[in-house]
Structures are given as C-alpha cells and as structure tokens.
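# Descriptive analysis of the structure
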Amino acid sequence: MSGSDLFTGTLDLLILRTVVRVGPVHGYAIGKAIRAGSDEVLSIEESALYPALHRLERKGLLDSAWGQTDTGRRAKFYRVTPRGLTLLEAETRRWIEFSGAVGLILDVDG
Amino acid sequence: MSGWPFKRTPPPGSLGGDQDADIDEELEFHLELRTRELMDEGLDRDTARREAEMQFGDAREVARRIKRERRRGGAGRMMMNVLGELRGDLGYAFRTFRRNPGFAGIAALTLAVAIAGNTAVFSVLDSAILRALPFENASELVFLNGYHLQNGERAIRYASVPEFTDWRERSRGVSSMAGVRPAGVTLRGGGGAERAEAEVVSQDYFSILGGTTPLGRTFTPEEYEVPDAHPVVVLSHSLWVRSFGSDPGVVGRSVLVNERTVEVIGVMAADFAGVSLDVDLWIPMGMMSLVGSADLLDTRGTRFLPVIGRLASGVSVEDAQRELDAIAGDLQDLYPDINRDRFVEVETFRDGYLGSTGRLLWVLFGAGGFLLLIAAANVANLLLVRADARVRELTVRRAVGADSGRVARLLLTESIALAAIGGAFGLVLAAWGLRVLTPLIPHGVLPGYAEPVLSVRAFLFALVSLTVVGVLAGLAPALSSARRDLTTSLRAGGRGMTGGRARTQQIFVITQVGLALLLLVGAGLLTRSFRAQLAVDPGLEMDGVHVFSVQPSRESVPDADGLRVFTDELLRTVAEVPGVRSVAASSDFPLRGGSSGAYVFRPDDPETRIRYHRHSVSPGYFENLGVELRSGRFIEASDNQQARPVAVVTQAFVERVLPDASNGVGRSIYVGDPSDPANLAEIVGVVENIRYRNLTQDMMEESNSPDVFFSIHQVPARFLEISFRTDAGVAPNPEAIRTAVQRMDPSIPAPSLTTLEELYHAQTATPRFAAFLMGLFSGLALLLACVGIYGVLSHSVGRRGPEIALRRALGAQAADVARSVVWDGARLAGVGLVIGGIGALLSGRVLESLLFNVESTDPMTFAVVASALLLVATLAAAVPAWHASRKAPADVLGGE
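Residues numbered from 1 in each chain as written. Chains lettered and ligands numbered in written order. Predicted model: local features only at pLDDT ≥ 70, side-chain atom pairs only at ≥ 80, totals over all residues. Heavy atoms only, no water.

### Section: the overall build of chain B
How we decide: Per the convention used, a helix needs a DSSP run of H or I reaching at least four residues, while a strand needs a run of E reaching at least two, with both numbered from the N terminus. A 1.4 Å probe rolled over the protein chains alone gives each residue an accessible area, and that area as a share of the maximum for its type sets the label: buried under 20%, exposed over 50%, partly exposed in between. By definition, residues are in contact when any of their heavy atoms lie within 4.5 Å. Note on areas: these come from Shrake-Rupley sampling with a 1.4 Å probe, and a residue is covered only by the protein chains present in the view.
Helix and strand content of chain B: 25 helices and 22 strands. Counting all 896 residues of chain B, 49% fall into the buried class. Long-range contacts, defined as pairs at least 24 residues apart, comprise 80% of the intrachain contacts of chain B with a sequence gap of at least 6. Of the accessible surface of chain B, which amounts to about 40200 Å², a share of 57% is contributed by carbon and sulfur atoms.

This is how it looks when you write it as structure tokens:
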C-alpha cells in the first residue's frame, strides 16, 4: 500500500466520523471540524477533501442533497448512509489494531 | 444546520451538465465562506478572495478531477486503482533494489546470464529451424532415399536415373518427383574463375520447390531430356550478385562450367536456395556430362541420384512409404540382380534438410531451458531469504488492509521487475554473444539462409521467458508471505523461518543440483564423443601439408597423353618454387571429397562386384602424406604407360576383398569389366587405412567402400589435387605458386591454397562446437547451483545460530559443527545427484545421434561428472561451515 493509499484510507475515516458527529453538513464545515476536533493537529487540504467527499458519495457511504444554510446560501450537504456507518465501525476497529502493531514495532526497534 | 428534508440529488452520472455545474457551485461556496472568514479577520475583499483561492490550491483543477472521476465510473476507477497500485509497487520495488544493491545485483546478473543464453539459442533455432523452410507448402515435401540393408543398417545409395523414372511413373502418392544431384564445379566468366556449388536437376525440380525466375527462365523439357544438346545453366541470386554484379544483361551470356561453354538462361529469385545448402547454379539433367560421365543417365545399376518429391494432397508420409515399399518390391521382381534388396525410404523434408543440426539445436535449447530454471531457483531462494527479513514490513501492510492477494501481487511485481532488469541486460548480452559466437559456428552446420540475429521473435521470446521466470521465482516467496500468520511472526522476533519455507529452499537446491547434473552429463558425453573423433587415426601426417586443385581446360590439354605431360610439368613447376620440399599429384584428396567409385572383381570370382573408391596418385604421394606402408611398395616413377597396370590398396581392402591372402601383394584384381584383360592390375603394395571421407567412418563397414590407388601415369586424371610440403620453418608463398602455375598455363584459374590441418579441423569443427557450447551451459549451471547451495547453507547457519551455540556450549567441537554443515550440504547435493542421474539415464537417448563411440549411458562420464559435482558442492558448503565453526557459544547466545 503506497503512502497515498494509506492517507486516503485514513482521510475517509476522518470524514465519515466527522459527518456522523456533526450531522448533515457541507464540505467547508467538515474541514473546519476535523481541524478543530484534532486540536489543530490535522489540517486537510481542500484539494484532497472534495474529491474524497465525492468518492465516498460514489461508493454509497455518504448521501448528499442541496439545501440552504443559515445565511440563505445554497450549499451541498452530506450525511452518512447506513452502509457508511457499518464500514466506519469496521475500519475503526482495524485502525486500532494497526496502530497497536505500529506501536509494538516502534517499541522493539527503539 | 437544518435537517434533511431536501430533495435528493440525482444519482451520480445521470445528468452530466447539471452535475458539473453543481460541482463548480460547491467549490465556489467553499471559497466564498473562506473569503468571508478572512474578511472578518481584517482583510479587504479582493485580498481575502485571493488568499482563499491560494489556500485552496487550483480549484479549477480539483473541479476537473472530480468531474473526470465521476464520469469514469466504476470500471475506470478499478483500472486506475490497479495502475496506481502497479506504479506504486514498481516504485517501491526499485527503491528496495537501490537499498539492497548486492541482492538485486546478484539476482539480476543470474537472470541476465540465463536469459541471454536462452535467447541466443532461440535466435539460432528460430532462424534455422522454426521459421518455415523457404519452400512453398514445405510440409508436403519429402526426400526419397534409395537404400539397401547391410548388417541390419540402412546404407543410403540413392537412385539410378532409370530407377527414379520408374518411381516417378508408378507412384500416385507422391504427385511429382525430381532428381537433385549436387556437384562442385569450376565456374569461369563472372569475374574470373571460382569454385561453385551446383545442382544437376530433373524436370519438376523448380515446380516442386516453388522457385520463381525474375530474370530469364528455367529449363524446358527438351533441355532436361536430350543429353548434351542444350548447354544451359540457371544462376542463383547470390551468385548473380556476387560474381556478375547484378547485371540484368547476364541472360544470354556465355560462361564456362568445368571448362565447357554454357549459356546463362535465367537467375532465380533471392529467396530460392535449392535443396543443398548454398547452391550457386543449376544444371539440367541433360547436361549431366558437365559433372560426370554421360552414361550415368541410362545405367540402372549406377546409383547416385538423391530424389525429392511432393506428396499428393491428402497423402501422408506413411501412406507414401507404404506405396513406395510396394513399388520397390515390384522392381525387385522385375530386376532381380540389380534391384536385389533395394528399398526406398520416404523422409520428411524437415528431417532430411537439416540433419543432425536440428537435433543439436534442440538439445542446446533444452540445455538453455534448464539453465533458466536453475537461475529462477536461485532468485527464488534469494527472494525467500529476503522475504524473511521483511516480515515486519509485510506485516504492517497486512494490518493496514492489504489482503493476501495484494501482498502476493506486490512480491510478484518485485520479482518480475528483477526479471525485467535481468532480461534487459540479458538481451544486450545475447546480442553481443551472437555477434561474437556466430563466426565460430562451423561452416555447413547452419543453412545459408539462417541469420542468427536478435530478431523480433527472439525479443518476444525473451520477454515471455523473463515473465515466466519472474513469476516462477516470485511465486514461492509470494505465496508463503501471503499466508503468514502475523502475530506469531512478530512475536518470534521476525526470525521465524517456518519449516515449510526451509523445505522449499531445500527442494529448490535439490532441483538445481539435479538439473546441473543433467547438463554436465550432456556436456561430458559430447566432449568424450568429440575427443573420440580426435583420437581417430586418419592414417596421415597432418601438419605441414598444403593442397590446391587444378583442372586444365580441354582446349589446352585435350587428351590423356596431354594430361600426363601436363601433370608432370605441373609437378616440376611447383617443385621449383623456392621453399617447396616435396610435391605430389592425385585425383582427389583426403577430407576434400570427390572420390569416384567403381567396381573391382576377383579373378576367381568374376560374378561378384565389389565397390571401391578409386584414386590416381603420382609417385611420392604416399610419402608426402606420411602414409604407412604395410607391405610391398608405393607407386613409383616406373609405373608408367609402358609398365603393367599396378595398384596399391589399403589394409581394409585386403581384409574385406582378399581375406584369404596373407598380405595381398602379388595378387591381381580386375579394376573394371572382367572380360577385358587390360583391366587386370597387380597389387604391388598395401598401406595403412586412410580416412578419406570423414573421421567417423568405420573402415570395415560394408557401406564404406575400400580404397584402391593407381599410378597417375597409368590412369591420368583431369581434376588434380596438388599437395606439397615446404622446407622446415618455411611458410609457403601462395603468390609464387600462383604465378608459377599461371605462367605454365594461363588458362588455369588462380589456385587457392588450404592445408590438410584446416580440412581436418573442419571435420571436427561441429563436434568441437557442440561440446564447447554444452560445456559453457553446464559450467554456468554448475556455478549457479553452487551459489544456490552456498546461499541456502549460509542462511541456515545464520538462522540456526542459537542452536549451534547451544551445541558448542554442550561440548561439541568446532570441527564437529563444521562437519555437520558440510554433511547437510553434501546430503542435499547427493539427493539432487540421484534424481538428476536417473533423469540423465532416461533422457540420454536424445543425444544418441550426436555421439560417436560413446554410449549415452556411459558409466565413466556419469561417475566423473557426479564426483566433480559432489566435490564442488561440498566446497560450496565449506564456507558456511567454516563460519559456523567460528561461532563462539557466548557470542550467539548473548545476542539473542
């Protein structure tokens, strides 16, 4: 798995999790939420975020609809589908396993 | 934010235009919000907007990308995924190679050598055999070889012209037949005089082989049928280019063939090569007198004509054989004396055309294939060892979501990448090798049209073989890595070489040793065969004998007396050239071909015809060549026209024709028709056997006619071979010889000199070459197999460090440890030897036709080769053994 694969996998998880947490939300807000939720550590580039959103939507993990913001602007909102929810749970478990293994390795070599 | 009561957006991909506009709008919304935020922080609108756009990156590009991905849909995604994966894997593979240049280097080099060898052999094979024979519908072409049985073996004698006519008229299965008689001729008229290869052919020859004449025409029925009425010839394309400067006006020109005037009536197309290799011109059957006696055409008993044919449609070779067996039977009944025990064999063109060359090439191809397998096994072992070291890295990949297939694909990509690098170098090596080795291929081994260069097909073959090798080599490590249980391997500290993997390595090594043995046995057998040929006593003293041929024209030397005078004068002239010590003349020369045959009759049994080879020689001939005299004397100057006819015979002649004689001297034989007393000759000397035709002939075999020598003054010859020796330490001066000869008779073309040694060398060239190539392949195989043994043992020693240390701690001596490692290696090699040995015994038959005086199961070869292999394998095991013995118990245990 190349570096970018690893990254996209993780990004997808972050997006799904954020949308679950924050509720139906547009892309801009998702980016802000991830930044905030990680204490400003993780900052997602827009050029990665929007393609990821569309990809997740194509995969059927996100649902989208056009609506209006508080300020009356027209925007595209996303929410997680049931399938997306299932995948989120499974991948989250795997992520925990992975980071455990990485931790092991880092310990031995250190 | 509001809830979710909005209308659903249409599914992706349905409304193209709307969707695109939506994407633009979505991104625009983002930019707007960011701009607003920045304005809140104090920037003015324009600056804020610019800042927002900059932070976003190239919004238009992102929009484009999203739209593109959307349009591509599912399949496109998968493709892009696979390609992306592949690119990533390749990049990763190359980074790995850069980090471990030693491993990558050895693997690539191993593969390069093996692929080079294979591709080179394939190129030769392809250019000589695999491509279609240069004839139309070549699968329908056959040879018809007349033979008779002697001691259970087929002695091929070909057909006589009347016999050939009978076959042709009676056969339905072979729809057309033609006689093809090869002959060497002297050609004059192109740009001087030269020796050329000709074929005397009958009607249908050109139509059977499908030749076209871009210039002029081929022969008419009259030209074939009526003897000596139409002196015409057809040239080959290569001769036309070479000696006639591609002159389109050559048709109608007169040239001299064997000193007789003939007219050129056509030139064959460039791709027409004739049945013999490298034919220069064609002569119609009616002009047989150009190359031999005219009564060859009517005598039923005089057999000399090879016959080709084309099978009728739907007729198989077996059918044709059956029909010709029946025809042969009919002829036996019709001509009980002449056709007694005479048969015909039908042979496919492909088999007869190339003869033993085809066999040799396939054997070499097989050898190359084995070498490739050995190389693949080495690389596989290397990869297995490396896979062990990469357990951690692979584990991470598995955890991150790569399934077994993914990991396997990654490893296979690596091994194929290795194979590709090796293959690229291999191709370069192959091209170089071909260029270097092709000139070494002995003349007459390959057909003239074969050009062993790296063709497109060879390139494709290399591509296919490197892919196969890459997959084979990577399969074992890929499969075993993919199946690994991650946690156990991590806990074991990454040193776990499971039993399965170790066993796989051992199997590889055993296979390598077995294959190497096969190749070595092959090389050993071919070498013994070659040396057996060298060991044959040709009956002559090889070194220092030079020879050239001369054929005076009928104009300058019209008759037999003239020939005698000419011969004497020529001998005198050459003897006077400074440096020439002794000179002799003969009607033919050993290993040069050209002997003519006739029949002798014992006076007490004039009914029995015994075939023999006749030679006319001058006094001093035998002495010149260092032939040993067994009894009586050599030909002397006193054996001239006035004296009684004499003959000198070989030992084989005496043993076969005069078995009752004590030594043959003094006996008389009829050297022609027994009813003519002038044909009675007295044997005055018996000499040791001389190998005139080739080294492998059996002098006592029936089909090998014995030799009889006459005095050249009693039986003059027009075609003369002049042989001479120079003074010690003096090299011959070809110019001086040429000048002297041409001064004597300007009509004689400039002779070209060769030596007996060169002729001898040419005879042994093919077996030497075969032994050399096989030796090369098997040497490489041995090397690779040793590298394999060394690798496996050293890895196992490294892995078993703790175990060894333990044993040392428990009291084992360093020597014991070393011995056990060597024993491991010897055991592996031993198993490989046994398996390889059985394989060699079973497959030895393949080589049989290439071997001389050696059985394919020759025990000594097997024994020598096996011992050598075992010894080398043991040495290969010695280094790891030495390392093992040096491990002090404390070091290893402490480091764990």
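Additional details are given in the paragraphs that follow.
### Things to note about the overall build of chain A
Each helix and strand in chain A was counted, giving four helices and three strands. Walking chain A from its N terminus toward its C terminus, one meets helices and strands in the order α-β-α-α-β-β-α. For chain A, the residues scored as buried account for 43% of the 110 residues in total. Taking as baseline every contact in chain A between residues at least 6 positions apart, the subset at least 24 positions apart corresponds to 47%. Roughly 5700 Å² of accessible area belongs to chain A as shown, and the carbon and sulfur atoms make up 56% of that amount.

### Quick look at the nonpolar core
All names here are of chain B. Threshold: The term nonpolar core refers to a set of buried residues drawn from Ala, Val, Leu, Ile, Met, Phe, Trp, Tyr and Cys, joined through side-chain atoms within 4.5 Å.
Counting residues in each nonpolar core, the largest one holds 75 residues, and the members touching the most others are Leu 418, Met 774 and Ile 789. The element that contributes the greatest number of residues to this core is helix 16 (residues 499-535), accounting for 15 residues. Once residues within four sequence positions are removed from consideration, Leu 418 is found in contact with Phe 97, Phe 103, Ala 104, Ala 107, Ala 108, Leu 111, Val 379 and Leu 383. Counting 43 residues, the second largest nonpolar core, distinct from the first, contains Met 177, Val 185, Ile 283 and Met 285.

### What to know about unusual backbone geometry
All names here are of chain B. Positioned with a positive phi, Asp 341 is a non-glycine residue whose angle comes to about 60°. One can find Asp 341 in the loop between helix 9 (317-334) and strand 11 (342-348). At Asn 853, a residue that is not glycine, the phi angle is positive and equals roughly 65°. Of note, Asn 853 is situated in the loop between helix 23 (814-843) and helix 24 (859-886). Residue classification places Asn 853 among the exposed residues on the basis of a relative accessible area of 66%.

### Describing the sheet that holds strand 1 (residues 25-26) of chain A
Whenever strands of a sheet pair, they do so through backbone hydrogen bonds, lying parallel or antiparallel. Residue and element names in this part refer to chain A. The condition is simple: One bridge is not enough; two strands pair if DSSP finds at least two bridges between them.
The antiparallel open sheet is built from three strands, whose spatial order is 1-3-2. Either end of the sheet is taken by a strand with one partner, and the two such strands are strand 1 and strand 2 (62-68). Two strands pair when backbone bridges link them, and strand 2 and strand 3 (residues 74-80) are joined in this way by seven bridges, in the antiparallel orientation. Each residue of the ladder has a partner; that of Ala 65, found in strand 3, is Phe 77.

### Regarding the pairing of strand 21 (residues 720-726) of chain B
Residue and element names in this part refer to chain B. A large share of strand 21 lies buried, amounting to seven of its seven residues. Alternating residues of strand 21 divide into Leu 720, Ile 722, Phe 724 and Thr 726 and Glu 721, Ser 723 and Arg 725, and every residue in both groups is buried. Bridge count between strand 12 (residues 545-550) and strand 21: six bridges; the pairing is antiparallel. The residue of strand 21 that forms the bridge with Val 547 is Ser 723. Here strand 13 (residues 580-586) pairs with strand 21 via six bridges, running antiparallel. Looking at the pairing, Ala 584 lines up with Ser 723 of strand 21.

### Topic: the side chain of B:Arg342
Residues and elements named next belong to chain B. How we decide: We treat Lys and Arg as the positive residues and Asp and Glu as the negative residues; His and chain ends play no part in the count. By salt bridge we mean one thing: a side-chain nitrogen of Lys or Arg within 4 Å of a carboxyl oxygen of Asp or Glu.
You can see Arg 342 is positioned in strand 11. This buried residue, Arg 342, is left without a salt bridge; Glu 163 holds the nearest opposite charge, at 6.2 Å. Every residue in contact with Arg 342, bar those within four places of it in the chain, is listed here: Tyr 147, His 148, Arg 157, Glu 163, Arg 303, Ala 328 and Gln 332.

### Overview of the packing of aromatic side chains
This is how it is decided: Pairing of aromatic rings covers Phe, Tyr and Trp, the last counted by its six-membered ring, and requires centre-to-centre distances within 6.5 Å; plane angles under 30 degrees mean stacked, over 60 mean edge-to-face, and any other angle means tilted. We call a charge positioned over a ring when the NZ of a Lys or the CZ of an Arg lies within 6 Å of the ring centre and within 35 degrees of the ring normal.
Counted according to the given criterion, the structure contains 20 aromatic pairs over all chains. One cation-aromatic arrangement involves A:Arg74 over A:Trp66; the distance from NZ or CZ to the ring centre is 4.2 Å. Sitting over the ring of B:Tyr335, B:Arg300 keeps its end group 3.8 Å from the ring centre.

### Focus: empty space enclosed by the protein
All names here are of chain B. We count it as follows: Here a cavity denotes grid points, spaced 1 Å and computed from the protein atoms alone, that fit a 1.4 Å probe unable to get out, and a pocket denotes an open set having protein on both sides within 12 Å along at least 5 of 7 lines; residues with an atom within 4 Å of a point are the lining. Grid points are joined across faces, edges and corners, and a volume is the space filled by probe spheres set on the points. Note on residue classes: Ala, Val, Leu, Ile, Met, Phe, Trp, Tyr, Cys and Pro are nonpolar, Asp, Glu, Lys and Arg are charged, and everything else, Gly too, is polar.
Applying the stated rule across the entire model yields four cavities of 30 Å³ or more. Listing elements by their share of the lining of the second largest cavity, those giving two or more residues are helix 11 (356-389) and helix 13 (404-437). Looking at the lining of the second largest cavity, its residues break down into four nonpolar, no polar and two charged.

### Here we look at the environment of B:Leu479
When you line up the elements, B:Leu479 lands in helix 14 (residues 456-482). C-alpha of B:Leu479 to C-alpha of B:Gly405: the two residues are 74 residues apart in sequence and 8.9 Å apart in space.

### Quick notes on the side chain of B:Asn118
All names here are of chain B. The condition that has to hold: Definition of a polar contact: a pair of N or O atoms within 3.5 Å, with one able to donate and the other able to accept a hydrogen when the atoms are protein atoms, and with sequence-neighbouring residues admitted only if both atoms are side-chain atoms.
Tracing the backbone shows Asn 118 in helix 4 (residues 101-130). By relative accessible area, which is 3% here, Asn 118 ends up buried. Only 2.6 Å separates the side chain of Asn 118 from the backbone oxygen of Gly 368, close enough to count as a polar contact.

Read these as spatial facts, not as claims about activity.
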